[in-house]
Each structure stands twice: as C-alpha cells, then as structure tokens.
Amino acid sequence: MKRTMHAAFRQDYGGPEVLRVLELPVPELKAGQVLIKVMATTVNRTDCAVLTGKPAIMRLFTGLRRPSNPVTGTDFAGIIERSDAPGFSAGQKVFGFLDTGIPTHAEFVALDTSNVLQMPDVPFEVAAAACEAGHYAYNFTKAAKPRSGQTALVNGAGGGIGSAMLQFLKHAGLTVTAVCRGDQVEKIQGLGADSVINYESEDFTKDSRTYDFVFDAVGKSRFCLCRKIMKAKAMYLSSEPGPYGENLWLPLLTRFSAQRVLFPFPADIPGSLAFLKGLLNERKFKPLIDRTYTLDQVAEAFRYTASGQKTGNVVIALNRSFT
Ligand SMILES: NC(=O)c1ccc[n+]([C@@H]2O[C@H](COP(=O)([O-])OP(=O)(O)OC[C@H]3O[C@@H](n4cnc5c(N)ncnc54)[C@H](OP(=O)(O)O)[C@@H]3O)[C@@H](O)[C@H]2O)c1
C-alpha cells in the first residue's frame, strides 16, 4: 500500500484560489536524492511568483504554459527519512532553498542535495524562515561590499529581505538607519537598528544625514529621490527593477560615477545557506517570524504574503500534532 501525505497542489498558474491541499503519494526516492520529512517551510514573495507565474520571466524556470511542479514551495527545514546521497543520512536535520521552486509545501519531499545543507542548531521554523529573504539579503549586501564604520539606510526594514539585511549590515559593523511602518518600530529596534524612521509619519528622503549605502529592500523608492541622502561617493541598491526598469540600466550609466546604482542578480544558493547557517549558529541572525500557519491554511498564507504587509516571514509548520 503506497504511503500518502498532504501537499499544496495546483495544476495551473493563478492566485491562492487555484491551490488545494490534497492527499498524494509520498515521493519516490531516486538515485542521489534524500527523502525529507518537512517540519517547516515558508510562504514568501518568491513563492507568490512561482504560484502566479508572474513576472513572466519566472515561467522560463517554472514551466511556460503550466507549472512543471504542481506542488508549491521554495524552502524547507526537516528531517531526512531516507538517503541515497553521500554525506547525508537518515535522522539528520537539513534545510534548503531553490528560488525556481521545489515541492516543499508538503509533508515529504525528495530532493537532490545541491541546495540542501545540514541545519544549524535552531528550531525548524527559524531555519526555514532564514532561507529566502536571507539569500537575497546576503546577495545584496555582498554585492555592495560594505565595510565596518560605514553607514547605511535600509528602506523596508520590516520586510523579509529588509529585516535580514539590517542584521547582516550590523554584523559587518555598519551604523544602520531602518525605515519601517509604525507598528514595526519596536521589533526593528530589537534587531539592532541604530535609528528607525517610521515611513507613515516621516519621509526618509528628507533625512538630514547622508549614507554610504541606501538599500531599498522593498523597491518602493528611486535613486533620483535618494541621491540627496547619499554621500558624494555612495551606492544605491534596490530589490525591484523600478519605474521603466531603471534599476536595470542605471548600473551601466553610473558605473564610473561617484554615486552608483547596483542591481545584483542573486546567485550561489549553497554559499548563502552556508553563510546563514554560520550566523544562525552564532545567534547573530534572528529571522523575524510574523505568523505561523498549518498546511491546511496555505491559501490564506499566500493571500497574506501577497498583500505585501508581512513583518519578516510567514511560516507553515508541518508534521506536528496540534492536539
Ligand atoms: N530582486 C530580486 O531578486 C528579488 C527577490 C525576491 C524578492 N524581491 C522583491 O523584493 C521586495 C521585498 O521582498 P520581501 O520579501 O522583503 O517583501 P515583504 O516581506 O513582503 O515586504 C513587506 C514589508 O515591506 C513594508 N513596506 C511596504 N512598502 C513600504 C515602504 N514604502 N516603505 C517601507 N516599508 C514598506 C511592508 O510594510 P507595509 O505593510 O507598511 O506596506 C511590509 O512590512 C518585494 O517587492 C519582492 O518582490 C526581489
């Protein structure tokens, strides 16, 4: 009798309404793979792109007309149940991420181990919440090459990427000003921000201080608006292409200017996982968790994440007896 599991399933691209939690066979273990009992995963902004197939460029990786992975997901933390991969064995705790989608919104997943790493010594929810936003935040900060003693402003410090970026910049020895929503101020101060601007009552582009770096983690501002709070020699980085895709061509235009724009294309997921594992084990990175859902509530989790209002990360806890 084939073992079954619960998983978030969809046949077509669309909003959360296309998702169903179905009972499916537990995946087969193929050569070189590990079979993982998923204990925690997240619903993040990249998951929203995998679900909707938007932006369209995503479909080059997820399937042009229909999703190649009917089960959604991009990250996980869990326990290896069976292994056919060297260096990995049953009982080991692991975590991992793939920005083009892996079927981890499910109780079990079988994966090759290219983006799987032994888990740091933290709870499953924390390891899962570290992956997606941590990967992008690490790539953005790494590209900027910040040095201890420099100053940075992070716009959208209340979001997944922004709250991770703030901590990585503090870890690198920078003085950081964080921009977030009023009700997030205390949490963001708790992550080590040197000063906090509540964007509901203050326009951060009118700040009297100037910065070596402006990181627009939510991609809601523009280089032209931030230049007056940037030092004569400074860098602006955004997580979004911006109006008319300006953050894609401004890097070229400002390549030899004192005030430059960078738009890094995140890469090297194993490198990011290793970096995140190190900081988590040293307790130097605390992924913010906004709320935790069960797998049955996956559509609701997608609706909340897609609203763009989450504070940090949205987790799904699995394989837990809630009785
Ligand atoms: N370039 C890439 O490779 C890449 C990869 C992944 C994600 N992204 C993009 O990066 C952006 C951030 O991702 P994320 O996961 O960090 O998003 P997120 O967690 O969903 O960010 C939402 C947070 O940002 C805050 N926010 C929204 N508008 C703001 C503003 N104008 N000023 C300050 N805070 C504001 C929201 O607060 P409110 O509720 O107050 O609005 C909320 O707390 C998204 O647009 C995402 O699509 C880019």
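Details of the structure are given in the entry above.
Below: a short report on this structure. Owing to the predicted nature of the structure, the values given are computational and were not obtained by experimental measurement.

## Section: unusual backbone geometry
The omega torsion of the bond from Lys54 to Pro55 falls at -5 degrees, within 30 degrees of zero and hence cis. Looking at where Pro55 falls in the secondary structure, it is placed in the loop between helix H1 (45-52) and helix H2 (59-62). Positioned with a positive phi, Asp268 is a non-glycine residue whose angle comes to about 55 degrees. Relative to the helices and strands, Asp268 is located in the loop between strand S13 (259-262) and helix H8 (269-281). Residue class for Asp268 comes out partly exposed when judged on its relative accessible area of 43%.

## Here's the deal with the environment of Ala130
Position of Ala130 relative to the elements: it lies in helix H3 (residues 124-144). The contact partners of Ala130, leaving out residues within four places of it in the chain, are His135, Leu276, Leu280, Phe285 and Pro287.

## Some thoughts on the site of the ligand
Looking at the ligand, there are 22 residues lining it, with Arg45, Arg181, Gln184, Tyr199 and Glu240 nearest. With respect to the ligand, the backbone of Gly160 contributes an N or O atom lying 2.8 Å from an oxygen atom. A distance of 2.8 Å separates an oxygen atom of the ligand from a polar atom in the backbone of Lys310. Here the ligand loses 87% of its free accessible area of 920 Å² to cover by the protein chains. Sorting the residues of the shell around the ligand by element identifies H3 and helix H4 (160-171) as the ones contributing at least two each. Tallied by class, residues from the shell around the ligand come to seven nonpolar, 10 polar and five charged. Composition of the shell around the ligand by domain shows at least three residues from each of domain 1 (4-119 + 288-317) and domain 2 (134-262).

## Some thoughts on the environment of Gly312
Examined against the element boundaries, Gly312 turns out to sit in the loop between helix H9 (298-306) and strand S15 (313-317). Of the residues examined, Gly312 reaches a relative accessible area of 0% and is grouped as buried. With residues up to four places along the chain from it excluded, the contact list for Gly312 reads Gly158, Gly159, Gly160, Ser163 and Leu288.

## Things to note about the pattern of salt bridges
Considering all chains together, one arrives at 12 salt bridges under this definition. A salt bridge links Glu28 to Lys2; its shortest N-O distance comes to 2.8 Å. Taken together, the residues Glu28 in the loop between strand S2 (20-25) and strand S3 (33-42) and Lys2 in the segment before strand S1 (4-9) connect sequence positions 26 residues apart. Judged by relative accessible area, Glu28 falls into the exposed class, the value being 52%. Lys2 sits in the partly exposed class, given a relative accessible area of 47%. Between Asp121 and Arg283 there is a salt bridge, with its nearest N and O atoms 3.9 Å apart. Residue Asp121 is found in the loop between strand S7 (116-118) and H3, and its partner Arg283 is found in the loop between H8 and strand S14 (289-294); the two are separated by 162 residues along the sequence. Each member of the pair, Asp121 as well as Arg283, carries the same accessibility label: exposed.

Here is what the cut-offs are and how they apply
- Residues numbered from 1 in each chain as written.
- Predicted model: local features only at pLDDT ≥ 70, side-chain atom pairs only at ≥ 80, totals over all residues.
- Heavy atoms only, no water.
- Helix = DSSP H or I, 4+ residues; strand = E, 2+ residues; numbered from the N terminus.
- Buried < 20%, exposed > 50% of the residue type's maximum accessible area, 1.4 Å probe, protein only.
- Contact = heavy atoms within 4.5 Å.
- Near = heavy atom within 4 Å.
- Polar contact = N/O pair within 3.5 Å; in protein donor to acceptor, adjacent residues only side chain to side chain.
- Areas by Shrake-Rupley, 256 points an atom, 1.4 Å probe, with all protein chains shown as cover.
- Nonpolar A, V, L, I, M, F, W, Y, C, P; charged D, E, K, R; others polar.
- Domains from an automatic or database assignment.
- Salt bridge = Lys/Arg side-chain N within 4 Å of Asp/Glu carboxyl O.

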